Amino acid sequence: MTTPSALAAPRARTSARDPWWRRLLGTQPLGLGMSLPYIVFLAVVMAYPLGYAVYISFFDYVFTAPGVHADHPFVGLANYRAVLSDPRVLGSFANIAVFLIINVPLTVILSMVLASALNSLTRWTAAFRVAFYVPYVTASVSLIGVWMLMFSQDGLVNSILGPLAPDPSWLVNSHLAMPSIALFVTWKQLGFYVLLYLAALQNVPKELYESAQVDGAGAAKRFLHITVPGVRSTTLLVLILAIITGSNLFTEPYLLTNGGGPDGASASPVLLIYQKGIQQGNPDLASAIGVILVILVGLLSLISTRLTKED
Amino acid sequence: MSVDRSTAGNAPDHAHRKRASRGAVYAVLAVIALVFIFPFYFMAIGAFQEDPTTSLSALAPRGGWTLENFTTINERLGLLRALVNSLVFTAGVLAGTLVFGLSAGYALARLRWRGRGALFVIMLGVQMVPFQLLMIPLYVQIAGNYGLGDTYAGMILPSLINTTAVFIFRQFFRSLPESIFEAARIDGASELRVLWSIAIPMVRPAIATVVLITFIGPWNEFLWPFLITKESSMQPLAVALANYINNVAGTVANPNGAILAGACTLAFPVVILFCLFQRYFTASDIGAGIKG
């Protein structure tokens, strides 16, 4: 039994008796060949642009027509100073903060509660799952078209609210534009997080609930003391993914509030990256905004890791 | 009743209360589910209305049905052409992800070669890099240096291989028992033959999951194809519809109806595909991919 398997299964380590290429590439170098297209893809589409983005942010960079040479002098932190003293840029980061403060807690609480409610049921679960997931699988552009009409001045939502309708209306009100976008994104993405929590709940032992019930713990108590700690690692994942999704906001302010309106009240950093980098031809400033954004997202993710750590 | 209560304590009362609370959970979930799918109902009804006014009474229209909205949006942005562009973009990403993703997932799961561990760590890091940071250099690189603006290749390239899909394939290939592979190798099958005739047929559910999650990416994607296509004849439907919403809607008689008709055309292929294959959209498969 051991002899044929030792013959067939490749050894984990190479030995000194192996030919040089085997020592260099491992016992099954075919694996490298099979992964090569993917490795090249990552290098061309991820690693190189990532390095290039950081590089551009330290230089005075302009777009040129192909073949035309232009000087790109090193300017140190000048691009960073320029964007950090631009009130529109600072405003866009403040807008994202408003967005995250509304979107992240709402997402975590709603998806956790919905998933555990769904998990406690035995019938109709497929129908419920489809209803929750369907906004997630549908194109933002389609759904934005619908929300624009529902939340417009004389749209459905205002006609239901009647005299309570905000004036100016939701998407053109500087206090409500960003919260409206946060609600839209919460609704659109929620199904995906419900899905992640459903997976996590499969790993929470059923016996814990049963013994808690015997001890007389109510549903709320069981949720707080068994479910919430039981899905802690997924909560961290949901927090980080929601923060990344939120900081990458572009389509919603571009379309739903017509380019970050009213008057920049819903502009996002990525919208400014697009406007500065592509429309106004300042990729250096755009890249500096991008690098700052990534650093902030990294910091927020670190804080989330700390917050969800077990005591 | 009284006998029951004396012999079995409060068990029937307890069961009754449990049934009532379960009923309440169903009712609350049903209300939330209706709120979730309401915009889809609004979209589907409005797309076929002569004048999709947004008052409450218009939600259950008695008449005024029309196909005019689809004709309008078709005249403005060439629905068929835009759908073909969306399909080519999506098919390109699907083909790239299936061919290169399956082979990379297999190599990561079952073959021993130098760099395997490093590639896996890099994949985990890649999940953290937002596309938006790469957008400017990618635009310079692909539209400028490679001259791929307004081409399908330029559209497809940044999303050619879906990393989540590679994770899912790796996870599925790892879960296959080693004995199958040993047996095939003893019979003298080459590694590629093992992959093609043994491993791939065994991970069919993973392929279904990957097709579903990969399909919705490019089909719904707005930002990248919006940057890379200037010519309207090359724009996928999501981009064409967004431009219509932004620029043209003010110049036609019934923009709301036309917007909803366009939104329906973009949304329903995915919604139908998803409803048909929703059993492959399961937590365990995709969760494995996200967490790595």
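Residues numbered from 1 in each chain as written. Chains lettered and ligands numbered in written order. Predicted model: local features only at pLDDT ≥ 70, side-chain atom pairs only at ≥ 80, totals over all residues.

Asker: Describe the overall build of chain A, and please don't skip the residues or the numbers.
Answerer: Of the regular secondary structure elements, chain A holds 15 helices and 0 strands. Projected onto its principal axes, the C-alpha positions of chain A cover 85 × 75 × 40 Å. For chain A, with 311 residues in total, the buried portion stands at 41%. Put simply, 68% of the contacts in chain A that link residues at least 6 apart link residues at least 24 apart. (Helix = DSSP H or I, 4+ residues; strand = E, 2+ residues; numbered from the N terminus. Buried ≥ 20, exposed ≤ 12 C-beta atoms within 10 Å, placed from the backbone. Contact = placed C-beta atoms within 7 Å.)

Asker: Can you break down the UniProt feature "transmembrane region" (unreviewed entry) in chain B residue by residue, with the values?
Answerer: Residues and elements named next belong to chain B. The UniProt record marks residues 24-48, 87-109, 118-140, 152-173, 194-217 and 257-277 with the feature "transmembrane region" (unreviewed entry), using the residue numbering of this structure. Between the end C-alpha atoms of residues 118-140 there is a gap of 29 Å, over a span that is 83% helix and 0% strand. Regarding residues 194-217, the helix share stands at 96% and the strand share at 0%, and the terminal C-alpha atoms are separated by 30 Å. (UniProt positions renumbered as here; feature names shortened; annotations may be inferred.)

Asker: Would you mind going over the interface of chain B and chain A in detail, with residue names and values included?
Answerer: Listed by partner, the interface residues are 80 residues for chain B and 80 residues for chain A. Looking at the side of chain B that touches chain A residue by residue, the class counts come to 60 nonpolar, 13 polar and 7 charged. (Nonpolar A, V, L, I, M, F, W, Y, C, P; charged D, E, K, R; others polar.)

Asker: Help me get a handle on the UniProt feature "transmembrane region" (unreviewed entry) in chain A, residues and values and all.
Answerer: The positions that UniProt labels "transmembrane region" (unreviewed entry) are, in the present scheme, residues 38-58, 93-118, 130-150, 176-199, 231-250 and 285-303 of chain A. Measuring from the first to the last C-alpha atom of residues 231-250 of chain A gives 30 Å, for a span that is 80% helix and 0% strand.

Asker: Pulling in residues and values, what's your account of the domain arrangement of chain A?
Answerer: The domain architecture assigned to chain A consists of domain 1 (2-56) and domain 2 (81-308). Distance from the C-alpha centre of domain 1 of chain A to the C-alpha centre of domain 2 of chain A: 39 Å. (Domains from an automatic or database assignment.)

Asker: So what's going on with the UniProt feature "domain: ABC transmembrane type-1" (unreviewed entry) in chain A? Residues and values would help.
Answerer: Sequence positions flagged by UniProt for "domain: ABC transmembrane type-1" (unreviewed entry) are, in local numbering, residues 93-304 of chain A. Annotation note: span residues 93-304 of chain A, helix share 75%, strand share 0%, distance between end C-alpha atoms 19 Å.

Asker: Lay out the confidence of the model for chain B in plain terms, naming residues and giving numbers.
Answerer: Residues and elements named next belong to chain B. Counting all residues, the mean pLDDT for chain B is 85, and 88% of those residues have values of 70 or more. Taking the mean pLDDT of every element in chain B, the minimum, 42, falls on helix H1 (residues 2-8) and the maximum, 96, on helix H7 (residues 152-156). Counted against residues more than four places away or in other chains, residues 1-9, with its pLDDT under 50, gives 1 contact. Reported confidences for the modelled complex are a pTM of 0.88 and an ipTM of 0.86. (pLDDT = per-residue confidence, 0-100.)

Asker: Describe the domain arrangement of chain B, naming the residues involved and giving the relevant values.
Answerer: Annotation of chain B at the domain level lists domain 1 (2-47) and domain 2 (80-238 + 271-291). Computed over C-alpha atoms, the centres of domain 1 of chain B and domain 2 of chain B are 40 Å apart.

Asker: Outline unusual backbone geometry, supporting the account with residue identities and numerical values.
Answerer: The peptide bond linking aspartate 167 of chain A to proline 168 of chain A adopts the cis configuration, its omega dihedral lying at -5°. Along the chain, proline 168 of chain A falls in the loop between helix H8 (156-161) and helix H9 (177-201). At tryptophan 124 of chain A, a position not held by glycine, the phi torsion is positive, near 65°. For tryptophan 124 of chain A, the position within the fold is in the loop between helix H5 (87-119) and helix H6 (125-137). With phi around 60°, aspartate 150 of chain B is a residue other than glycine that occupies positive phi space.

Asker: Help me get a handle on the confidence of the model for chain A, residues and values and all.
Answerer: All names here are of chain A. Within chain A, residue pLDDT values average 87, and 93% of them lie at 70 or more. Of all the helices and strands in chain A, helix H1 (residues 2-8) carries the lowest mean pLDDT, 40, while H5 carries the highest, 95. Within the model, the stretch residues 1-9 combines pLDDT values under 50 with 6 contacts to residues more than four positions away or in other chains.

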